[in-house]
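# What the coordinates show
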Amino acid sequence: LTKVLQVMVPWGAQLLPAVIFQALSASATAKVGCHSECKKPHCVEGAAWNGGLPLSHNVCEHICSRKFGETRYCGESEKYSQGDSVNCTLCSGKDLDSTADSVEVAAPQRIREAILKEAQHRLVAWYDDQDELTLPYWEFKAKVQQTKHWYSCDPNGDMKVPVTFGEFNVSDVRPAELFEVLTDLEGQLKWDNSISEAEVIKEFPEDGVLAAELVFPSGIWLVPPRQVFQWMAFKASLKNQEYWFAVSSLNVETIHEVHKPNKFAVQAENCLGAYWIQPCPPGGETSCPAGNPYSCCPEGGSRIRFTSHVNLHPPNFLNAKTIFDMGWTKQIDWINALKNRAREMKKHNDARIEETVSANATPTLPKWLWHDPAVPKRGSVPFDFPREMVSVARLYQRSSIFSMSFSQPPLMYFPLAALLSVLLVFAIRVHRTTVTRGDGEDSRGLMAVRSRQGEYDVEELVLVGEE
């Protein structure tokens, strides 16, 4: 419009007073300029799997989505055009040059900021987009679900697995106490029976993180344990009582130089795991409809939203969906164990009346771990998150325990699958106990046998063995 005024009607400047013409020109320039919401940090890169696009010189040249929290995301699909989205197509080309001075220059990200940024992106934008998540599983007032798309999580290969999300309330524990339990890695051995080893290997103050190692026993004979090396990042807002705890097993070669991997364990990954701990609203939740799957959040309680992106490197005949279906209840067990441990800590803190306020307000971690630096710092270890994704249609099919590719199936899988099927059926249908008598007497076994008789299932105890 400015060019139209200048080229097609050059006499406009003569007919209009100079002040009026300048005002019209300024107004036209403002209309064709780049909206401030199109620039970083107001708008950041969107996720590739739903039409997200990267920024160009820290500016979105497409559409910035409606706000998720305090952030918009750049993209061009229908997902990004909903609500109060911002059209940023005028930020391309030479219009960008006119606003170059106002564009924020990206500061190099340390591991801490990179992990926390991705954690916030997933737990806010991804989780709020329920259309991209499967229907949830519910148990003990906790919700667990997965993404419909599968993400790359394999530093040494191309294996893709879905991302898991969940949410639950802890009505009688404050956020600070939950944060203390989650961040006490070595203390986790006291309440978390899913791990056999947990160790902080080294502090990396220049990167704002801790390096840690965990070992997860398989619990199955001849199946090796899983070892995970990970970066640990933290953030705490004492004013709002909001806490973030995030981990990632990407780019851990630097950790391997300090602590060599166990050659008898399988190296597993949690490409991004995170917990967002928030206080329940003042006065508690006012809308708690009947049949609400998770308990209402009363004042003084906490709400946790979490995510994980785990690759256990299972055998080829097991897929990630099957493993989730078989093991999601273990995640619920872990949540219940976390709640119980946090309640113990709250009881301990309440017993120390004089120290309760300070103990619940300030984390015991060093301040450089959980406090944002006043000036962005440069880290020493390169770090990045892969964006490659693939949509998997079989995610909605009935999961099979033996899911494999039949294009070139290894012959050994067929007898192995058959053997495991027989053993599984036998273990489910037959339960054997032994009746042991004194010395010199014979022993017999009791076998529980389930059968179908007419319209009824009948279970009998049958005495087997020889006298």
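By the naming in an unreviewed UniProt entry, the protein chain goes by START domain-containing protein and is assigned to Durusdinium trenchii.

A surface patch of negative charge is lined by D184, E186, E197 and E199. Within the secondary structure, E186 sits in the loop between α6 (175-183) and β8 (197-204). Residue E186 is classed as partly exposed on the basis of its relative accessible area, which comes to 46%.

A few words on the packing of aromatic side chains. Counted under the stated rule, the structure contains 16 aromatic pairs. When the centroid spacing of 6.1 Å and the interplanar angle of 55° are considered together, the rings of F168 and F306 count as tilted. In this pair, F168 is assigned in strand β7 (residues 160-170) and F306 in strand β15 (residues 302-308), connecting sequence segments 138 residues apart. Directly above the aromatic system of Y151 lies the positively charged group of R122, at a separation of 5.7 Å from the ring centroid.

So, about the pairing of strand β11 (residues 242-248). Across the seven residues that make up β11, a large majority, six, are buried. Inspection of the sheet shows strand β10 (residues 226-237) paired to β11 by seven bridges, in the antiparallel sense. Pairing of M232 across the sheet is with V247, part of β11. The loop that links β10 with its antiparallel partner β11 comprises four residues; one of these, Q241, has a positive phi angle of about 55°. Note: β11 against strand β14 (residues 273-279), five bridges, orientation antiparallel. When the bridges of β14 are listed, F245 appears paired with Y275.

Parameters and conventions
- Residues numbered from 1 in each chain as written.
- Predicted model: local features only at pLDDT ≥ 70, side-chain atom pairs only at ≥ 80, totals over all residues.
- Heavy atoms only, no water.
- Patch = residues over 30% accessible without salt bridge, like charges linked within 9 Å, V, L, I, M, F, W, Y side chains within 5 Å.
- Areas by Shrake-Rupley, 256 points an atom, 1.4 Å probe, with all protein chains shown as cover.
- Salt bridge = Lys/Arg side-chain N within 4 Å of Asp/Glu carboxyl O.
- Lys, Arg positive; Asp, Glu negative; His and termini not counted.
- Charge placed at Lys NZ, Arg CZ, Asp CG, Glu CD.
- Helix = DSSP H or I, 4+ residues; strand = E, 2+ residues; numbered from the N terminus.
- Buried < 20%, exposed > 50% of the residue type's maximum accessible area, 1.4 Å probe, protein only.
- Phe/Tyr/Trp six-rings, centres within 6.5 Å; stacked < 30°, edge-to-face > 60°.
- Lys NZ or Arg CZ within 6 Å of the ring centre and 35° of its normal.
- Pairing = 2+ DSSP bridges.

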